[in-house]
Amino acid sequence: GLWVRLFDVPGALASRTYEREATLVLEVVDPEVQGGGRTRVQLEAGVDGATCRETDRTRDLTLHIAALGAAYLGGTRLSDAVLADGVDEHRAGALREADAVFRTLDEPWCSTFF
């Protein structure tokens, strides 16, 4: 979909809040981008803020952008979101760590009616 092509992975991951600390290197795959779009980012998440930037460091996880989008708000577990398109765990325990860092205590909620 259009939202996938416009999704700014580093900006989006840096702008949300996190309830846990973690450093993860994610390779995000977007097959809708010409040439099999891939971006590798290093997320440094913490309770006081986050940074995320492109990197060439060794990957912890490779996942589809749709799975990242599904888990982004914290209401869907990343480990459930990757079931459709799969995930490559390059570091043992990285998926469990990512699951925890993207999870939120409060479920996402929208008070706007369509």
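Residues numbered from 1 in each chain as written. Predicted model: local features only at pLDDT ≥ 70, side-chain atom pairs only at ≥ 80, totals over all residues. Heavy atoms only, no water.

*Asks:* Explain the side chain of Asp99 to me, and be specific about the residues and the numbers.
*Replies:* Residue position: Asp99 is located in helix H5 (residues 94-102). By relative accessible area, Asp99 is classed as buried at 12%. Reaching out from Asp99, the side chain makes a polar contact with the backbone nitrogen of Leu78 at a distance of 2.8 Å. If we skip the residues at most four places from it in the chain, Asp99 touches Arg77, Leu78 and Ser79. (Helix = DSSP H or I, 4+ residues; strand = E, 2+ residues; numbered from the N terminus. Buried < 20%, exposed > 50% of the residue type's maximum accessible area, 1.4 Å probe, protein only. Polar contact = N/O pair within 3.5 Å; in protein donor to acceptor, adjacent residues only side chain to side chain. Contact = heavy atoms within 4.5 Å.)

*Asks:* Account for the pairing of strand E1 (residues 22-30), naming residues and giving values.
*Replies:* Counting buried positions over the 9 residues of E1 gives 8, a clear majority of the element. Summarising the sheet, E1 and strand E2 (residues 37-46) pair through 9 bridges and their orientation is antiparallel. When the sheet's bridge partners are listed, Val28 is paired in E2 with Thr39. Examined bridge by bridge, E1 and strand E4 (residues 61-64) share 4 bridges and lie parallel to one another. Its bridge partner lying in E4, Val28 is registered against Leu63. (Pairing = 2+ DSSP bridges.)

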